[in-house]
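# Breakdown of the fold
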Amino acid sequence: MNEERELGWDDQIENDGPEFVTLPEGDYDFEVIEFERAHHGGSEKLPPCPKAVIHIKVQGSEGVAVIKHQLFLHSKTEGMLCAFFTAIGQRKKGERVSMNWNKVVGSGGRAKVGIRTWKKDDGSEMTFNEIKKFYEPPEGPQNSQKGFKAGSF
């Protein structure tokens, strides 16, 4: 496997990158593959606050989709934070916990994936996947701290 690296101005290139896949709406297992700390500058609905941008890998019969999902660190969106941390096995419903962002990458769970459509400047329509809902993991000894088994795709 090739390591990621900086390219020089005169380097040769050949890797076209992965194909962009939009999965059908439905329930899927997921794995968090990347996490970024960012800041929300404020909007009509939500004041400025920190945000986490998580990259979620979802495997479907059509291929693999990577969905960028934003989690806003604000009391207005605490329910969404609770749902995410419950889905990945870091908390139980109703439990008070500290969010452990160091254990987010590599964790997994189950979510409802939807499709969002938007119009580009040229009027053409584009679609992409979005997370609609995170599910609470089923009870039982098969679940580890990480929720569903990560890397099972």
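The next subject is the packing of aromatic side chains. Tallying each qualifying case throughout the model produces six aromatic pairs. Ring geometry for Phe35 against Trp101: centres 5.1 Å apart, planes inclined by 10 degrees, an arrangement best described as stacked. On the criterion of sequence distance, the pair formed by Phe35 in strand 1 (residues 26–40) and Trp101 in the loop between helix 1 (78–87) and strand 4 (108–119) is long-range, its members being 66 residues apart. Ring geometry for Phe84 and Phe134: centres 5.2 Å apart, planes at 70 degrees, overall edge-to-face. One end of the pair, Phe84, is in helix 1; the other, Phe134, is in strand 5 (residues 125–134), and 50 residues separate them in sequence. Like Phe84, the residue Phe134 is buried in the burial classification. Aromatic rings pair up to connect Phe30, Phe35, Phe84, Phe85, Trp101 and Phe134 into one cluster.

As a general feature of sheets, a regular strand has side chains that alternate between the two faces. Pairing geometry for strand 2 (residues 49–60) and strand 3 (residues 63–72), over ten bridges, is antiparallel. Looking across to strand 3, one finds that Ile54 is bridged to His69. Taking the residues that link successive antiparallel strands as the turn, the strand 2-strand 3 hairpin has two residues.

Mapping His40 onto the fold places it in strand 1. For His40, a relative accessible area of 13% corresponds to the buried category. Within the structure, His40 has its side chain in polar contact with the backbone oxygen of Leu46 (distance 3.4 Å). Beyond its immediate sequence surroundings of up to four residues, His40 is in contact with Leu46, Pro47, Pro48, Cys49, Lys51 and Phe72.

Our focus in this paragraph is the sheet that holds strand 4. Taken in spatial order, the five strands make up an open sheet running 3-2-1-4-5, and their pairing is antiparallel. Because the sheet does not close on itself, it has two edges, and the strands there are strand 3 and strand 5. Here the strands of the sheet are splayed against their neighbours by 40 degrees on average, with no regard to which way each runs. Direction of pairing for strand 4 relative to strand 5: antiparallel, over a ladder of nine bridges.

What follows is about the pattern of salt bridges. Close approach of charged atoms allows side chains of opposite charge to pair. Scanning the entire structure with this criterion turns up five salt bridges. Between Asp29 and Arg110 there is a salt bridge whose closest N-O contact spans 2.8 Å. Of this pair, Asp29 sits in strand 1 while Arg110 sits in strand 4; the two residues are 81 residues apart in sequence, bridging distant segments of the chain. Among the salt bridges present, the one from Arg116 reaches Glu130, with a minimum N-O distance of 3.1 Å. Of this pair, Arg116 sits in strand 4 while Glu130 sits in strand 5, placing them 14 residues apart in sequence. Connected through shared salt-bridge partners, Arg116, Glu130 and Lys132 make up one network.

Criteria and cut-off values
Residues numbered from 1 in each chain as written. Predicted model: local features only at pLDDT ≥ 70, side-chain atom pairs only at ≥ 80, totals over all residues. Heavy atoms only, no water. Phe/Tyr/Trp six-rings, centres within 6.5 Å; stacked < 30°, edge-to-face > 60°. Helix = DSSP H or I, 4+ residues; strand = E, 2+ residues; numbered from the N terminus. Buried < 20%, exposed > 50% of the residue type's maximum accessible area, 1.4 Å probe, protein only. Pairing = 2+ DSSP bridges. Polar contact = N/O pair within 3.5 Å; in protein donor to acceptor, adjacent residues only side chain to side chain. Contact = heavy atoms within 4.5 Å. Axes fitted to C-alpha atoms, helices over the stretch in contact; angles between N-to-C directions. Salt bridge = Lys/Arg side-chain N within 4 Å of Asp/Glu carboxyl O.

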